[in-house]
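# Examining the three-dimensional arrangement
Listed below are the residues making up each chain.
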Amino acid sequence: MNACGAAVGMETRVEKAAESPEENGAEKGAAAIKSQYLTSKEKFNEIVSSGWKERNKEAEEEGRDAPEEEKSEEPAGKRIKLEDASEKKKMRGQNKSRPHMKPHTYDGKRLCPSIIKEKQSKCFYGDKCKFFHNVAEYMASKPPDLGDQCYLFDTLGKCPYGVSCRFAKAHTDADFKNLVNEEVLRANGGRTTVKNTLDKELQWRLRKRQVPFKASEAYLKSMERENGGEKRGKSTSTEDKPAETPTEAQQTDLHVEAAVKTVGALTDADLVKLRPCEKKQVDFRDKLYLAPLTTCGNLPFRRICKRFGADITCGEMAMCTNLLQGQASEWALLKRHESEDLFGVQLEGCFPDTMTRCAELLNDNIEVDFVDINSGCPIDLVFKKGAGCGLMMRTNKFEKIVRGMNSVLDVPVTVKIRTGVQDKTNIAHKLIPEMKKWGVSLITLHGRSREQRYTKLADWEYIDVCSKIASPIPLFGNGDILSWEDAMRARETGVSGLMVARGALIKPWIFTEIKEQRHWDISSSERLDILRDFTHFGMEHWGSDTQGIEKTRTFLLEWLSFTCRYIPVGLLERVPQKINERPPFYMGRDYMESLMASQHVDDWVKISEMLLGPVPKNFSFLPKHKANAYK
């Protein structure tokens, strides 16, 4: 039997099993797990708690410090509720009132950067500097080291955080001087593994509004002339009828006219513009695309997914206004690791002028393979100002944004959309023909509306219809892919490729499963190694000092709020696990597998303490996202 036949057979068996979940011993809406592993909530919590106490006892006997156990009440938003359907709305969206502690607040006394970098010159701020300058005094108050080996020192040959590193004993001498491994340092050759960092000089010019946007201004002026001509000559509303696509000759005349009016000497760049056929071409077809995931789709997580076979990666959604203002936190979302061979960034905005200027800014200052426009974000903060899903209802603005960004970028422009805004009212099939005229190179369609969120399954039949409308432009489908069978069924539609979002958060090895067409019954030790690699990548990205460690811990805990939904293949009564099936309480094949299955925040913190040491005394955490996909 070929792969397609096997997938169809598997689909038939799953559908039959899904018709009568009670016959398999599974509660309605819950995943079917082998009876010998099922347990109650009380027994599960008792076993997990007793196992943790035994580990602490072993640590004390070996002379290691056992992490302090602070049992706290499980947050109401994370409790599993089955009885009262009226409280469903309370579980939607985000934990907006969650406690939010910035990582630097855990570092009471911070050492001056001039001391950490061992600069010969004195601190620029002198006596007014708010940081410590006495190394001995700082070391006396510094929290104890977390281990005897520093990942940054072993990997790079020199730890850039010196004595402030939480593994400082591994690379400092008795005089607190930072040691260097010359052999490893030479092997690295001074190469930079991360690109697209914000230059300080560029940040200063952005804040002073001294960055020129010649190409953007030319496009915006031409757009004003077109709008002025329409107002004088035609009474037809541009909101209802999009502007016709200008011919290639008209586009060339327009660019030349705008270029002649600029101030200063003319150059080839002013007069000669790239035609669509001359832009960088990217082959998107038959690839696996890791979705741009807010909060969890950070650079360390993308490195994990690349290692498991993700073909395309994209940075987290960045707001164009913040990028134009030079905000360092927003520019950090654009960073690209050297392993990301096909990488793009995603922009959010609702005005043609800011989006076009931002596209030109990125075109001149960072290295990307494509720029994606977010027109699928459902959150109120974005939607109410007309961005995200709001663009799908403002086609005139949407068109000007796409055309403007296309006019200033040397790389393709892609778009991510949903089926529509309102539930049961699909509009994507009406937008796609217009996007083809605007010059979009790739369309990604999430098979849900804004109002629907994750309460129902993605509509792959509608995605199939839209893929045929989009042809020959590639269209990627997105929604509910958690196994290679899900991917096979999705590929039977007309989509050019697949985007994976929650499936990658729950199990990042899904890319390997899809490419090898197999179920990976991954062990708890292998899963812990993946988390350990994430912490190493996190320290390399955010730092190995207290601030970097706690930032890594925060993002690790956010990720653990998704990984706890994974059910090991060997425990399932029927394979594969469905993304909308709620994991019941079960005991794993070993203690670590049970701990990883816990939905309790305190147990996630315990896992983080295994990898990053004890949490600070004032530490508190509540995940950003609430899960309502099982309801």
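Everything numeric here is computed off the predicted structure, so don't read it as measured data.

Rules and cut-offs
- Residues numbered from 1 in each chain as written.
- Predicted model: local features only at pLDDT ≥ 70, side-chain atom pairs only at ≥ 80, totals over all residues.
- Heavy atoms only, no water.
- UniProt positions renumbered as here; feature names shortened; annotations may be inferred.
- Helix = DSSP H or I, 4+ residues; strand = E, 2+ residues; numbered from the N terminus.
- Polar contact = N/O pair within 3.5 Å; in protein donor to acceptor, adjacent residues only side chain to side chain.
- Pairing = 2+ DSSP bridges.
- Axes fitted to C-alpha atoms, helices over the stretch in contact; angles between N-to-C directions.
- Core = buried A, V, L, I, M, F, W, Y, C linked by side-chain atoms within 4.5 Å.
- Buried < 20%, exposed > 50% of the residue type's maximum accessible area, 1.4 Å probe, protein only.
- Contact = heavy atoms within 4.5 Å.
- 1 Å grid on protein atoms, 1.4 Å probe; cavity = no way out; pocket = protein on both sides within 12 Å on 5 of 7 lines; lining within 4 Å.
- Points joined across faces, edges and corners; volume = space filled by probe spheres on them.
- Nonpolar A, V, L, I, M, F, W, Y, C, P; charged D, E, K, R; others polar.
- Parallel < 35°, antiparallel > 145°, perpendicular 65-115°, else oblique.
- Left-handed = near helix turned anticlockwise from the far one by under 90°.
- Phe/Tyr/Trp six-rings, centres within 6.5 Å; stacked < 30°, edge-to-face > 60°.
- Lys NZ or Arg CZ within 6 Å of the ring centre and 35° of its normal.
- Expected span 1.5 Å × (residues − 1).

Here the focus is the UniProt feature "domain: C3H1-type" (unreviewed entry) in the chain. As annotated by UniProt and renumbered to match this structure, "domain: C3H1-type" (unreviewed entry) occupies residues 106-136 and 149-174. The span residues 149-174 carries 23% helix and 0% strand; its end-to-end C-alpha distance comes to 17 Å.

Residue position: His600 is located in the loop between helix 24 (591-596) and helix 25 (601-612). Within the structure, His600 has its side chain in polar contact with the backbone nitrogen of Asp602 (distance 3.1 Å).

Further remarks concern the sheet that holds strand 10 (residues 497-500). An order of 2-10-9-8-7-6-5-3 is seen for the eight strands of this open sheet, with the pairing classed as parallel. Either end of the sheet is taken by a strand with one partner, and the two such strands are strand 2 (288-290) and strand 3 (313-319). Neighbour-to-neighbour, the strand axes of the sheet open up by a mean angle of 25°, direction not taken into account. Here strand 2 pairs with strand 10 via three bridges, running parallel. Across the sheet, Leu290 pairs through a bridge with Val500, a residue of strand 10.

Here we come to the nonpolar core. Core analysis: the largest hydrophobic core is formed by 131 residues, its most contacted members being Trp331, Ile373 and Met405. Setting aside anything within four residues of it in sequence, one finds Ile373 in contact with Leu347, Met355, Leu391, Phe398, Ile401, Val402, Met405, Val413, Thr414, Val415 and Lys416. Membership of the second largest hydrophobic core comes to eight residues, among which are Ile567, Leu571, Leu572 and Tyr586.

Further remarks concern empty space enclosed by the protein. Under the definition given, this model contains four cavities of 30 Å³ or more. Computed from the structure, the largest cavity encloses a volume of approximately 110 Å³. Ile506, Pro508, Trp509, Arg527, Ile530, Leu531, Trp559, Leu560, Thr563, Met596, Trp604 and Ile607 together form the lining of the largest cavity. Taken together, the elements giving at least two residues each to the lining of the largest cavity come down to helix 22 (524-542), helix 23 (546-563) and helix 25. Its residues placed into classes, the lining of the largest cavity shows 10 nonpolar, one polar and one charged.

Now for the packing of helix 11 (residues 299-307) against helix 22. For the pair helix 11 and helix 22, the least separation of the axes is 8 Å and the interaxial angle reads 135°. Comparing their axes, helix 22 and helix 11 come out oblique. At the point where helix 11 passes helix 22, the crossing takes the right-handed sense. Residues Leu299, Pro300, Phe301, Arg303, Ile304 and Arg307 of helix 11 form the contact with helix 22, whose own contacting residues are Ile530, Asp533, Phe534, Phe537, Gly538, Glu540, His541 and Trp542. Classifying every residue of the contact of helix 11 with helix 22 gives eight nonpolar, two polar and four charged.

In total, this model carries 12 aromatic pairs according to the counting rule given. Relative to Phe476, the ring of Tyr289 has its centre 6.0 Å away and its plane inclined at 75°; by these criteria the two rings are edge-to-face. With a gap of 187 residues between them, Tyr289 in strand 2 and Phe476 in strand 9 (residues 475-478) connect regions that are remote in the sequence. In this structure Phe476 comes out as buried when scored by relative accessible area, which is 0%. Here the aromatic residues Phe284, Tyr289, Phe370 and Phe476 are joined through ring pairs into a cluster of three or more. The lysine or arginine in question, Arg303, covers the ring of Phe537, its NZ or CZ lying 3.8 Å from the ring centre. For the cation-ring pair, Arg553 lies above Phe619, with the distance from its terminal atom to the ring centre recorded as 6.0 Å.

For Thr354, the position within the fold is in helix 14 (residues 352-365). Placed 138 residues apart in sequence, Thr354 and Ser216 show a C-alpha to C-alpha distance of 9.2 Å. Once residues lying within four places of it in the same chain are set aside, the contact partners of Thr354 are Cys320 and Leu324.

Bringing the side chain of Lys306 into the picture now. Residue placement: Lys306 occurs in helix 11. Excluding residues within four positions of it along the chain, Lys306 makes contact with Asp311, Thr313, Ser339, Glu340 and Asp341.

Moving on to the pairing of strand 6 (residues 370-375). Buried residues dominate strand 6, accounting for six of its six residues. Along strand 6, one buried face is formed by Phe370, Asp372 and Asn374 and the opposite face, lined by Val371, Ile373 and Ser375, is buried too. The sheet contact formed by strand 5 (residues 343-348) and strand 6 spans four bridges and is parallel. Looking across to strand 6, one finds that Leu347 is bridged to Ile373. As judged from the five bridges shared by strand 6 and strand 7 (residues 413-420), these two strands associate in the parallel manner. Directly across from Ile373, in strand 7, lies its bridge partner Val415.

The first and last C-alpha atoms of helix 23 sit 25 Å apart over 18 residues, in line with the 26 Å expected at 1.5 Å per residue. Among the 18 residues of helix 23, 15 are classified as buried, and the element is accordingly described as predominantly covered.

In this structure, Asp173 sits in the loop between helix 5 (151-156) and helix 6 (182-188). Judged by its relative accessible area of 30%, Asp173 falls in the partly exposed class. Only 3.0 Å separates the side chain of Asp173 from the backbone nitrogen of Asp175, close enough to count as a polar contact.

The residue after Ser471, namely Pro472, is reached through a cis peptide bond having omega 10°. Within the secondary structure, Pro472 is located in the loop between helix 18 (460-470) and strand 9. The peptide bond linking Val575 to Pro576 adopts the cis configuration, its omega dihedral lying at 5°. Positioned with a positive phi, Lys424 is a non-glycine residue whose angle comes to about 65°. Secondary-structure assignment places Lys424 in the loop between strand 7 and helix 17 (428-438). Positive phi is not limited to glycine here, since Gln517 has a value of about 50°. When you line up the elements, Gln517 lands in the loop between helix 21 (510-516) and helix 22. Classification of Gln517 as partly exposed rests on a relative accessible area of 33%.

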